[in-house]
Each structure stands twice: as C-alpha cells, then as structure tokens.
Amino acid sequence: MTYKDFNIKPIPGSQTWPMRHRVMYPEMSPESVILDEDTQGIHFGLFSPDGKLVSVISLFERENGHYQFRKFATDTSEQGKGYGSALLSYIIDFCQAKNARVLRCNARTSASAFYKRYGFRETDITYFKDGHDFVVMEREL
Ligand SMILES: CC(C)(COP(=O)(O)OP(=O)(O)OC[C@H]1O[C@@H](n2cnc3c(N)ncnc32)[C@H](O)[C@@H]1OP(=O)(O)O)[C@@H](O)C(=O)NCCC(=O)NCCS
C-alpha cells in the first residue's frame, strides 16, 4: 500500500487540536496545544475508511527551502495500522513537489526510531520540554 490508498486531505488547523491534545498532551490544558503559527501552517488529516479523522500533521515552511512538520499524532486506538506512515510519506512527497530541500522535525526521542525508517537522521540538537526529551531530526528531499 502507498499513501495514495488512504484518504488524506488538508484540514483547518483547529481540526487538529483535539487530536493533538488527546494523543500528545492529555495532561495539559486543551488550549496549550494551539500554536501561534497554526494560522501559517498547512494541516493534513488522514481519515479512516469509515470517515473518522485518525491521524494529523502540521507543516510549516521555513527559510532556504526547509520545511518543518509539527504535532504529528495518530489516535491512540488507531496506532500501528499504517496511518502515520502514510501521512508522513504524503508530506515528504508534498515537500518534494514544492522543490523543498530539507524536511525536519523536533522529534520526541520515543519516536526517533520511527522517523529513521523514513530516512530522517538525528542532529546533535537535543532538549527537554513539557516532560519529553526531543531530538531535532532532518531528511534531505
Ligand atoms: C508516531 C505516530 C504518529 C506514528 O503513527 P502510527 O499511525 O502509529 O504509525 P504506523 O502505524 O504507520 O507505524 C508504522 C510502524 O512504525 C512503528 N512505530 C510507531 N510508532 C513508533 C515509535 N514511537 N517508535 C518506533 N516505532 C514506531 C509501528 O509499530 C509500525 O511498525 P510495523 O510497520 O513494524 O508494524 C504515533 O505512534 C503517535 O501518535 N504517537 C504518539 C504521539 C507522538 O509521539 N508523536 C510524534 C511526536 S514527534
């Protein structure tokens, strides 16, 4: 299967917020997952065959042909079904079609192995925030 077998489409940033909150930061307030830059981002959702939003990702254009994705989450009960892989492959193609050079993310170290499978490498930039260890990861496009 490729991402073309999945129902992926642009969604308003506000439609990502409940998923971000539920999956990534349930211990924080619902408002805490709203980013100032959400209005500048491109947000994508993957919908299951029965039309339920199951995975979200937000993409932001940076300088010099760089893009960054943030707040990537698959609903807890839907993880491990290939939805996240499809969404990540989709945005890699999307960035390539924009002639972007590099795609990066601030990865939770718990997800680093996942990103390595898609060609991302760890940089030496690491930090701790909101109870999680992060490593900046990037991939040439
Ligand atoms: C990371 C995440 C978005 C992946 O979405 P998903 O829909 O579960 O991904 P997939 O089903 O496509 O997983 C593909 C493979 O990666 C594996 N995988 C998923 N999450 C992983 C992780 N954190 N570390 C290592 N492997 C992982 C799956 O087990 C699966 O393996 P398989 O192909 O051998 O069965 C999802 O697990 C998630 O929302 N996690 C919590 C929030 C989070 O950590 N977000 C990323 C912040 S940087």
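Residues numbered from 1 in each chain as written. Predicted model: local features only at pLDDT ≥ 70, side-chain atom pairs only at ≥ 80, totals over all residues. Heavy atoms only, no water.

Under an unreviewed UniProt entry, the chain has the name GNAT family N-acetyltransferase and belongs to Sinomicrobium pectinilyticum.

What follows covers the pattern of salt bridges. Pairing between side chains of opposite charge can happen when the charged atoms of each approach one another. Here the structure, examined in full by the defined rule, presents 8 salt bridges. Across the pair lysine 52 and glutamate 78 runs a salt bridge, and its minimum N-O distance is 3.1 Å. Placement of lysine 52 in the loop between strand E2 (42-47) and strand E3 (53-61) and of glutamate 78 in the loop between strand E4 (66-74) and helix H2 (83-97) is noted, with a sequence separation of 26 residues between them. Classification of lysine 52 by relative accessible area gives partly exposed; the value is 36%. Across the pair glutamate 138 and arginine 121 runs a salt bridge, and its minimum N-O distance is 2.9 Å. Remark: arginine 121 occurs in strand E6 (residues 121-129) and glutamate 138 occurs in strand E7 (residues 132-140); sequence separation between them is 17 residues. Residue class for glutamate 138 comes out buried when judged on its relative accessible area of 18%. Three or more residues are tied together by salt bridges with common partners; here these are Glu37, Arg62 and Arg70. (Salt bridge = Lys/Arg side-chain N within 4 Å of Asp/Glu carboxyl O. Helix = DSSP H or I, 4+ residues; strand = E, 2+ residues; numbered from the N terminus. Buried < 20%, exposed > 50% of the residue type's maximum accessible area, 1.4 Å probe, protein only.)

Surveying the vicinity of the ligand reveals 20 residues, the closest of which are Phe72, Thr74, Gly82, Gly84 and Ser85. In the environment of the ligand, an oxygen atom lies 3.4 Å from a nitrogen or oxygen atom belonging to the side chain of glutamine 79. Measuring from an oxygen atom of the ligand, one finds a backbone N or O atom of lysine 81 at 3.0 Å. Protein burial of the ligand: of its 890 Å² of free accessible surface, 72% is covered by the chains. The site holding the ligand turns out to be the largest pocket. Those elements giving two or more residues to the shell around the ligand turn out to be helix H1 (13-24), E4, H2, strand E5 (102-108) and helix H3 (112-116). Here the shell around the ligand is built from residues that sort into 10 nonpolar, 7 polar and 3 charged. (Near = heavy atom within 4 Å. Polar contact = N/O pair within 3.5 Å; in protein donor to acceptor, adjacent residues only side chain to side chain. Areas by Shrake-Rupley, 256 points an atom, 1.4 Å probe, with all protein chains shown as cover. 1 Å grid on protein atoms, 1.4 Å probe; cavity = no way out; pocket = protein on both sides within 12 Å on 5 of 7 lines; lining within 4 Å. Sits in = over half its atoms within 2 Å of the grid points. Nonpolar A, V, L, I, M, F, W, Y, C, P; charged D, E, K, R; others polar.)

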